[in-house]
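Each chain, letter by letter, is given below.
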Amino acid sequence: MTTTDTTTTIALVTGATQGLGAQTVRRLAALGWTVWLGARDAAQGAQLADEIEGDVRVLQLDVTDQASVDSAVRTVDAGSGRLDVLVNNAGIAGTRVGPRETTPSDFLPVFGVNVLGPVRVTHAFLPLLDRSGQPRIVMVSSGMGSLAITTDPDRLESTLHGLVYPSSKTALNMITTQYAKSLPGYQVNAVDPGYTGTALNGFSGTQTVQEGTDAVVAAATVEPGDRTGTFTDRAGAVPW
Ligand SMILES: NC(=O)c1ccc[n+]([C@@H]2O[C@H](COP(=O)([O-])OP(=O)(O)OC[C@H]3O[C@@H](n4cnc5c(N)ncnc54)[C@H](OP(=O)(O)O)[C@@H]3O)[C@@H](O)[C@H]2O)c1
């Protein structure tokens, strides 16, 4: 185990080959942090890492594959000796079908990535996070996971109908608050990036990835002893 000096923050971003994850890596690397860029396709990750200034290290990581996650833990342990900030960003939208047409099998791939993924990665990395002086976990959730927002007629999210993606993010929100209560000394927070133009929505989102990562970066850089168990977007608190 090589322990990197304690003055450098060590972060890992899952699903970082494009969209919000890639931008999060750029922004955290620009802070002078060591950033592990999680990529299902390591070659794609390496190509992106080459384009980003700073200490960016590629990590083969498929959040649905336990062997891949276990191997990633060994790689981060060998290279950094600990983890300070875990950003559970990887997520998929799944097939867009209305509630009436949705069947149980529609849930499996989406819950596999959006719910079991963050739990698999978090569980596996807890021993490395335990070695941090300020362990932080950011869950990249969505306003679509908020019961309050999706039932508020003044919000765009209330006009969208779906069982699978929204409920996956609601589950992630509960997982966030349960981890926050159960991990003393940790700061575990959920964020809503806001509607951002990425492959996830066919680039229909109205925000830039810079705007979309504001809440992610804010939760990754919380001060020691500051908030845990919160849900925020770039404007502030988000109702559950
Ligand atoms: N865009 C929005 O408006 C918006 C709004 C609210 C929340 N979010 C959330 O923000 C997060 C990032 O989404 P995005 O908009 O940036 O979408 P994106 O551009 O499609 O990026 C998603 C990333 O997740 C990765 N991924 C998918 N399955 C994976 C797996 N099994 N293991 C590891 N990585 C996997 C993808 O990898 P590949 O490149 O290999 O496919 C990709 O890098 C998601 O959790 C999403 O739900 C997005």
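The text that follows walks through the structure, step by step, so that each part is easy to find. Owing to the predicted nature of the structure, the values given are computational and were not obtained by experimental measurement.

1. Digging into the site of the ligand
Here's step 1: Around the ligand there are 29 residues in total, and Gly15, Gly19, Ala90, Gly91 and Thr198 lie nearest to it.
Here's step 2: Here the element with the most residues in the shell around the ligand is helix 1 (residues 19-30); it accounts for three residues.

2. Focus on the nonpolar core
Here's step 1: If you look at the biggest cluster of nonpolar residues, it comprises 57 residues, and the most contacted ones within it are Ala11, Val35, Leu37 and Val87.
Here's step 2: Residues contacting Leu37, with those up to four places away along its chain left out, are Val13, Ala16, Val25, Gly45, Leu48, Ala49, Val56, Arg57, Val58 and Leu59.

3. Notes on the pairing of strand 6 (residues 187-191)
Here's step 1: Judged by how many residues are buried, strand 6 sits mostly within the fold: five of five residues are covered.
Here's step 2: Side chains Gln187, Asn189 and Val191 of strand 6 all project onto a buried face; the interleaved residues Val188 and Ala190 project onto the opposite face, where all are buried too.
Here's step 3: Direction of pairing for strand 5 (residues 136-140) relative to strand 6: parallel, over a ladder of five bridges. Directly across from Arg136, in strand 6, lies its bridge partner Gln187.
Here's step 4: Sheet analysis places strand 6 next to strand 7 (residues 231-233), joined by two bridges and oriented parallel. In the sheet register, Val191 faces strand 7, and the bridge partner there is Thr232.

Criteria and thresholds
- Residues numbered from 1 in each chain as written.
- Predicted model: local features only at pLDDT ≥ 70, side-chain atom pairs only at ≥ 80, totals over all residues.
- Near = placed C-beta within 6 Å.
- Helix = DSSP H or I, 4+ residues; strand = E, 2+ residues; numbered from the N terminus.
- Core = buried A, V, L, I, M, F, W, Y, C linked by C-beta atoms within 7 Å.
- Buried ≥ 20, exposed ≤ 12 C-beta atoms within 10 Å, placed from the backbone.
- Contact = placed C-beta atoms within 7 Å.
- Pairing = 2+ DSSP bridges.

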